[in-house]
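Commentary on secondary and tertiary structure
Each chain is listed here by its residues.
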Amino acid sequence: MYLELCALLKKPDLYERTHEKFWNDPHISKGMLEAHLDPSTDAASRRPGFIDRSVEWIISLLPEGASLLDIGCGPGLYAKRLSDKGIRVTGIDFSERSIDYAREHDKKSDYIFMDYLRMDFENAFDMVILIYCDYGALIPEERANLLQRVYRALKPGGRFIFDVFTPEHTLGIKEGTSWEICPQGGFWSPEPHICLNARYRYNENISLDRYVVIKENEVHCHNIWDTGFTRESLLEEVLPAGFICDGFYGDVAGKPYDDGSETLCAVFRK
């Protein structure tokens, strides 16, 4: 156990992936859904007031009767608002619990339980959205894969809207370790466990949170990457996939971008 823990708590190589799909774990997905639905916190989804403003801005960029694909849709907080406004919405998420909730509360939209890195639509949507900085949680190979799939899914002239954190956000991230004893269970497991957390920085834009969850007879490890972007680094990464840049904003509600923004919303067109 000692040698195993030493290996797990060693600083990983840049963009090293762990392979446990924790977001569809029966226990963890329950806590995630509760966080999505909590209107008092931005832990999993932004607060309702922001979502409302964001939806109004997104609709202003769409033609009447448009079709929209919401990837990483969670429990449908954006999708339902958009479908209530007359948009034809398809939502994709890799949490079966969130998809079940979305289907129960929004009968107008189509919800698909799927890893969006495996989607295979072609010329199907006027817009694709990926909201709350999920793009930066992907490693470079996954981002390249996603861009190809989004480009293929869009109709000619369709837009891809997504947001990322900027260096202004990542500047405050410092390396460190912490631990938590959960005798009654916690976020990562309903069983008694200890959670060891290490935060690592790789440069001014890339950081990692590694969670090592120790139960009586099991050890699980989860790497959660966070990559920040500038306008220039996004252009360098996205334009080779064939997109045209339509502009940058400070958030996905259309706020003007400035150099002090902690988030950056990008609008690209096929």
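Further up the page is the structure itself.
Conventions adopted
Residues numbered from 1 in each chain as written. Predicted model: local features only at pLDDT ≥ 70, side-chain atom pairs only at ≥ 80, totals over all residues. Heavy atoms only, no water. Helix = DSSP H or I, 4+ residues; strand = E, 2+ residues; numbered from the N terminus. Polar contact = N/O pair within 3.5 Å; in protein donor to acceptor, adjacent residues only side chain to side chain. Pairing = 2+ DSSP bridges. Axes fitted to C-alpha atoms, helices over the stretch in contact; angles between N-to-C directions. Parallel < 35°, antiparallel > 145°, perpendicular 65-115°, else oblique. Contact = heavy atoms within 4.5 Å.

Take Ser-67: it is sitting in strand 1 (residues 67–71). Within the structure, the side chain of Ser-67 is placed 3.2 Å from the backbone oxygen of Ala-124, a separation counted as a polar contact.

Strand order in this open sheet of four strands is 6-7-8-9, and the pairing throughout is antiparallel. Since the sheet does not close on itself, it has two edges, and those belong to strand 6 (176–182) and strand 9 (219–227), each with one partner. Each strand of the sheet is rotated relative to its neighbour by a mean of 15°, with strand direction disregarded. One ladder, built from nine bridges, connects strand 8 (residues 206–214) with strand 9; its direction is antiparallel. The residue of strand 9 that forms the bridge with Tyr-211 is His-222.

Where helix 2 (residues 26–37) contacts helix 5 (residues 96–105), the axes come no closer than 8 Å and their chain directions differ by 45°. By the criterion of interaxial angle, the relationship of helix 2 to helix 5 is oblique. Only Arg-97, Ser-98 and Tyr-101 of helix 5 make contact with helix 2, whose side of the interface consists of Pro-26, Ser-29, Lys-30, Leu-33, His-36 and Leu-37.

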